[in-house]
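As a plain string of letters, each chain reads:
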Amino acid sequence: MSSQAHEHQPLGGRVLTLPFLICAALVAVAGVILFQRYTQGLAAASNLNDGYPWGIWVAIDVVIGSAFGCAGYVIALLCYILNRGEYHPLVRPAVLASLFGYGLAGLAVLVDLGRYWNFYHMMLPWYAQPNSVMLEVGLCVATYTLVLVVEFAPAFLERFGIEGLRAKLNRVLWVFIALGVLLPTMHQSSLGTMMVIVGHKLSPLWQSQMLPVFFLLTAILMGFAIVVWESVMASLNFRRPMETPVLSKLAGLMLVVASLFVVLRFVDLIVRGQIGQIFGGPQSGWFVAEMVLMISGLALLIPKANRNRSRALFLSASLLLAAGILYRLNVYLIGFTPAVGPWHYFPSVKEIMVTVGVFALEIALYLLFVKKLPVMHAVHPEHG
Amino acid sequence: MSKNMMSKNKTSGASVSRRGFLRNAVKGSAAAAAAACTTVVAAPPEANALQRPPKPLPPDAVGLLYDSTLCIGCKACVTACKEVNHMPPDVGAAQQGWNAGGGDKPIYDSPVELSAKTLNVIKAYSHGTGATKDAAENGFAFIKRQCLHCADPSCVSVCPVSAMTKDAKTGIVNHDPSACIGCRYCVLSCPFGVPKYDYNDAFGEIKKCQLCKQQLAKNELPGCADVCPTGATLFGRTEDLKAEAKRRTALKVGEYTHYPRGDIAGKVGGPRSGHEKLVEAAYQTHIYGEKELGGTQCLAVSAVPFDKLNLPTNVPENGYPTLSEGIQHTLYAGMIAPATVFAGLAYLAHRNTKNHTDE
């Protein structure tokens with residue numbers, strides 16, 4: 001702990017690696033498609049229609065993408081609010097992942113908005129419509145993205161040796177850390193509340209007043225899972241030692257949150273009298289898939305020994321991530337039926353390529369940042 | 001494990017009570033969530049603690065009464081709507097090949113569904129031989145689709161930038177494209193599938209019926225009610241229309257009765273003569289829009305059940321905003337809960353960052 005300034009260090013290495021170039025090419029493809037979208041309208045690049053006005057650009061890029069961005073939220077919660085210092089090495093990579101998760105979710109919103117040039121109306125009080133759940137989500141997400149920038153700023157300031165500002169920032173950082181825990185709690189739950197108003201158009205398998213609780217739980221769960229997932233990936237790809245001892249503690253928390261989710265899901269279905277829907281009701285297969293992923297992911301973590309095995313950890317984190325993804329996709333797309341039909345929606349190839357491009361941009365920027373900025377915890381060679 | 005990490009573990013591992021705190025926090029929140037779940041979900045819909053009261057209709061709310069038994073499917077209302085609102089023709093997919101227009105060639109307007117080009121449409125139901133008008137079996141019937149102007153509209157509730165608003169006096173649900181950000185949450189949330197967006201326009205707008213408010217301002221009738229030859233579309237105060245709808249649904253087959261045209265009160269657009277007619281098909285007792293989702297200003301009566309006419313039935317009697325806004329207003333009442341949580345978080349973060357010398 002003697003040399004604080006070198007606690008984190010850039011990974012270094014070549015920037016123009018093959019994965020980076022593949023990501024850059026995918027971003028370029030998305031750029032060409034977006035040119036069509038902005039010159040000819042949404043239909044030129046997507047299969048969006050009036051039955052399904054929200055497609056994968058909302059469901060995946062924003063609703064699921066922002067859950068990927070919950071790594072910073074859960075790690076800040078553990079490290080600074082619950083004062084679990086052992087999670088400290090995970091803070092900067094998690095905050096960076098969140099910054100990209102949220103920043104690109106915001107970018108994806110601009111892709112999807114039909115009248116994007118008016119987007120700033122969300123920030124102007126005289127346009128505000130306080131009953132709108134979306135207004136709360138929008139303002140919260142925008143503020144949180146700024147908070148993430150501030151939370152990540154120490155890495156920048158450290159890299160460029162701006163020590164005076166860094167010291168000043170450190171004195172007020174607690175305000176941003178508190179905001180960085182409050183805001184995701186608010187908007188992640190509200191992402192669930194947003195679908196309450198579609199009422200009967202969402203299958204009773206998912207339509208519930210508990211949507212805000214389930215969205216908060218999946219945000220926390222996916223936050224934990226993405227930390228584990230990223231940590232293992234970084235260890236493998238950058239040949240760093242596994243962070244298994246810290247990760248095994250996270251695994252215990254994942255087990256608790258995933259179990260709570262499954263129990264509450266069934267309690268909710270029983271209390272609402274909709275439990276019969278899981279046996280052959282419409283879309284019940286998607287519910288079963290969601291539960292199989294969730295239960296197999298948490299079951300892997302029940303034997304304590306598994307929580308110390310990086311392979312089991314990785315598999316479990318992948319399953320739980322997939323379960324969270326599918327839950328959110330079910331609520332926003334698969335479980336949704338338009339009021340007056342018939343309407344059909346399946347994303348077009350161009351639409352999918354834009355989503356791929358958004359995630360490719362996220363990966364490319366992440367690779368660039370961890371190589372050039374002090375993000376990763378320093379590893380001493382003699383222990384490496 | 002790196003030396004660094006071990007030293008970290010040692011410093012924080014010293015406070016064993018923190019682990020207990022974490023465990024208790026998880027247990028506590030689990031118990032709280034479970035309790036919230038049972039109290040909230042177990043409550044019957046009418047006594048739901050989270051639901052805000054429904055919004056009443058303005059006393060002078062205006063709307064339309066559509067009588068499917070009077071409709072002859074002439075679609076004069078569809079044409080009039082296009083003219084009065086300056087809407088472009090909408091060529092159905094099946095007619096694209098020979099009816100796509102181009103240059104100065106005329107285009108035959110053939111909409112089959114509401115769209116960004118069509119604010120009002122007549123659709124037909126048919127069954128079996130389709131021989132008998134207003135019969136569910138081996139018959140056919142018409143239905144008019146346009147905005148119903150809800151008492152408690154979802155589209156107004158969801159709009160983040162007040163582009164969708166409900167007029168306090170007339171109750172008309174208006175849309176202002178200059179405020180709109182094009183998020184299409186109104187399209188998603190409308191329980192009747194009404195607002196539409198133009199996906200083929202780089203600068204597309206949300207479009208929906210605004211009850212020809214520009215015509216009403218000139219004391220003229222909405223286009224559809226103005227041209228309807230049979231009075232199948234009747235304009236008026238919603239309360240008057242509701243009374244007329246009740247009168248009609250109580251009529252028996254074979255009765256001879258009077259059907260007004262234009263404005264039921266004979267004021268807007270000037271007085272018009274109605275007509276006398278035999279009731280030929282038995283009315284359903286269901287008045288569509290009387291109770292659906294908090295009630296709507298536009299109502300419909302029919303001899304064929306409304307689920308056959310592709311309208312959502314089996315919907316609650318309170319608008320969905322009563323619940324979504326109720327949840328939101330409970331959580332964010334006076335911003336007290338978020339402020340309290342923030343205070344707690346800020347205290348902990350302030351105390352705990354002092355222990356961490358960096359970040």
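All of these numbers come straight from a predicted model, not from anything done at the bench. (Residues numbered from 1 in each chain as written. Chains lettered and ligands numbered in written order. Predicted model: local features only at pLDDT ≥ 70, side-chain atom pairs only at ≥ 80, totals over all residues. Heavy atoms only, no water.)

**As for the overall build of chain B**
We count it as follows: A helix here means a DSSP run of H or I that spans at least four residues, while a strand means a run of E at least two residues long, and both kinds are numbered starting from the N terminus. Categorising residues by exposure relies on relative accessible area from a 1.4 Å probe, with only protein chains included: less than 20% of the type maximum marks a residue as buried, more than 50% marks it as exposed, and the intermediate range marks it as partly exposed. What makes two residues a contact is simply this: any of their non-hydrogen atoms within 4.5 Å. For the accessible areas, the method is Shrake-Rupley and the probe is 1.4 Å, while residue cover comes only from the protein chains on display.
For chain B, the helix and strand inventory stands at 11 helices and 12 strands. Out of the 359 residues in chain B, the part that is buried amounts to 50%. A separation threshold of at least 6 residues defines the contact pool for chain B, and within that pool the share at least 24 residues apart is 62%. Total accessible area on chain B stands at roughly 15900 Å², and carbon and sulfur atoms take up 59% of it.

**Describing the pairing of strand S1 (residues 62-67) of chain B**
Residue and element names in this part refer to chain B. Threshold: For two strands to count as paired, DSSP must find a minimum of two bridges between them.
Within S1, six of the six residues are buried, which leaves the element mostly enclosed by the surrounding structure. Burial along S1 is two-sided: the face carrying Val62, Leu64 and Tyr66 and the face carrying Gly63, Leu65 and Asp67 are both buried. Two elements, S1 and strand S9 (residues 233-237), share five bridges in a ladder whose sense is antiparallel. The residue of S9 that forms the bridge with leucine 65 is leucine 234.

**Observations regarding the environment of serine 348 of chain A**
Residue and element names in this part refer to chain A. With respect to the helices, strands and loops of the structure, serine 348 is situated in the loop between helix H10 (310-334) and helix H11 (349-372). Take serine 348: its relative accessible area is 14%, and that puts it in the buried class. When residues no more than four places from it in sequence are discounted, the contact partners of serine 348 are Ala45, Ser46 and Asn47.

**Observations concerning helix H3 (residues 71-81) of chain A**
Residues and elements named next belong to chain A. Of all the 11 residues making up H3, 10 are buried; the element is thus mostly covered by neighbouring parts of the structure. Those residues of H3 lying buried are Ala71, Gly72, Tyr73, Val74, Ile75, Ala76, Leu78, Cys79, Tyr80 and Ile81. Downstream of H3 by one or two residues, asparagine 83 has phi in the positive range, about 60°.

**Comments concerning the side chain of aspartate 112 of chain A**
As for its placement among the helices and strands, aspartate 112 of chain A is situated in helix H4 (residues 91-112). In contact with aspartate 112 of chain A, not counting residues within four places along its chain, are Arg37, Leu42, Leu48, Trp57 and Val58 of chain A together with Gly182 and Arg184 of chain B.

**Some words on the packing of helix H5 (residues 133-159) of chain A against helix H6 (residues 163-193) of chain A**
Residues and elements named next belong to chain A. We apply this condition: Between the N-to-C directions of two axes lies an angle of 0 to 180 degrees, each axis being a line fitted to C-alpha atoms and, for a helix, fitted only over the stretch in contact. The labels follow the angle: roughly parallel below 35 degrees, roughly antiparallel above 145, roughly perpendicular from 65 to 115, and oblique for the rest. A clockwise turn of the near helix away from the far one marks a right-handed crossing, whereas an anticlockwise turn of less than a right angle marks a left-handed crossing. In this count, Pro and Cys sit with the nonpolar residues alongside Ala, Val, Leu, Ile, Met, Phe, Trp and Tyr, while Asp, Glu, Lys and Arg are called charged and the others, Gly among them, polar.
Look at H5 against H6: their axes get within 7 Å of each other, and the N-to-C directions meet at 150°. Relative to H6, H5 is oriented roughly antiparallel. Two packed elements cross with a definite hand, and for H5 against H6 that hand is left-handed. Split by residue class, the contact of H5 with H6 holds 20 nonpolar, five polar and five charged.

**With respect to the nonpolar core**
All names here are of chain A. For the record, the criterion: By convention a nonpolar core is built from buried Ala, Val, Leu, Ile, Met, Phe, Trp, Tyr and Cys residues, the set being connected through side-chain atoms within 4.5 Å.
In this structure, Leu250 and Tyr332 are the most contacted members of the largest nonpolar core, which totals 207 residues. In this structure leucine 250 touches Ile75, Leu78, Tyr87, Leu90, Phe224, Val227 and Val228, once residues within four positions along its chain are discounted. Phe20, Cys23, Ala360 and Ala364 belong to the second largest nonpolar core, which has five residues in total.

**Considerations on the sheet that holds S1 of chain B**
All names here are of chain B. The strand order S9-S1-S12 describes an open sheet built from three strands, whose pairing is mixed. Strands at the two margins of the open sheet, each flanked by one partner only, are S9 and strand S12 (299-301). Averaged over neighbouring strand pairs, the angle between their axes works out to 25° when direction is ignored. Pairing of S1 with S12, which is carried by three bridges, proceeds in the parallel orientation. Counterpart to leucine 65 in the pairing with S12 is leucine 299. Across the face of the sheet, helix H9 (residues 238-249) comes into contact with S1, S9 and S12 while running at roughly 130° to S9.

**Regarding the confidence of the model for chain A**
Where we set the bar: In predicted models, pLDDT denotes the confidence assigned by the predictor to each residue on a 0 to 100 scale.
Looking at chain A as a whole, the pLDDT averages 90, with 97% of positions reaching at least 70. Within the model, the stretch residues 1-5 of chain A combines pLDDT values under 50 with five contacts to residues more than four positions away or in other chains.

**Some remarks on a nonpolar patch on the surface**
Just so we agree on the cut-off: Residues with no salt bridge and a relative accessible area higher than 30% make up the patches, which join like charges within 9 Å and nonpolar side chains (Val, Leu, Ile, Met, Phe, Trp, Tyr) within 5 Å. In the sections that follow, a salt bridge refers to a side-chain nitrogen of Lys or Arg positioned within 4 Å of a carboxyl oxygen of Asp or Glu.
On the surface, Phe119, Tyr120, Met123 and Leu139 of chain A cluster together to form a nonpolar patch covering roughly 360 Å² of accessible area. Residue class for phenylalanine 119 of chain A comes out partly exposed when judged on its relative accessible area of 38%.

**Examining empty space enclosed by the protein**
All names here are of chain A. The following threshold applies: Only protein atoms enter the 1 Å grid used here. Points where a 1.4 Å probe fits but cannot escape make up a cavity, open sets with protein on both sides within 12 Å along at least five of seven lines make up a pocket, and a residue lines them when an atom lies within 4 Å of a point. Grid points are joined across faces, edges and corners, and a volume is the space filled by probe spheres set on the points.
Evaluated as defined, the whole model comprises 10 cavities of 30 Å³ or more. A volume near 130 Å³ is recorded for the second largest cavity. Every residue lining the second largest cavity is counted, 14 residues in all, and those nearest its centre are Leu90, Pro93, Glu230, Ser231 and Glu243. Sorting the residues of the lining of the second largest cavity by element identifies H4 and helix H7 (211-237) as the ones contributing at least two each.

**Details of the interface of chain A and chain B**
How big an interface is tends to be reported as the loss of accessible area on association of its parts. Here is the rule: Buried surface area refers to the total accessible area, computed with a probe of radius 1.4 Å, that the two partners give up upon joining, counted for both partners together. Two N or O atoms count as a polar contact when they lie within 3.5 Å, although within protein this holds only if one can serve as hydrogen donor and the other as acceptor, and sequence-adjacent residues are included solely when both atoms are side-chain atoms.
Taken together, the contact pairs 93 residues of chain A with 89 residues of chain B. Contact between chain A and chain B buries roughly 8300 Å² in total, counting both sides, with carbon and sulfur atoms accounting for 62%. Area buried by chain A at its contact with chain B is led by Arg115, Ile197 and Gln209 of chain A, which between them contribute 10% of it. Scanning the region where chain A abuts chain B turns up one salt bridge. Linking chain A to chain B there are 35 residue pairs in polar contact (both at pLDDT 80 or more). Elements represented by at least two residues in the side of chain A that touches chain B include exactly helix H1 (18-40), H3, H4, H5, H6 and helix H8 (244-271) of chain A. Ranked by residues supplied to the side of chain A that touches chain B, first place goes to H6 of chain A with 13 residues. Partitioning the side of chain A that touches chain B into residue classes produces 53 nonpolar, 25 polar and 15 charged.

**As for the sheet that holds strand S2 (residues 121-126) of chain B**
All names here are of chain B. Pairing is mixed in the open sheet, where three strands are placed in the order S2-S4-S3. Strand pairing shows two members of the sheet lacking a second neighbour, S2 and strand S3 (132-133), which therefore form its edges. Summarising the sheet, S3 and strand S4 (residues 139-145) pair through two bridges and their orientation is parallel. Looking at the pairing, lysine 133 lines up with phenylalanine 140 of S4.

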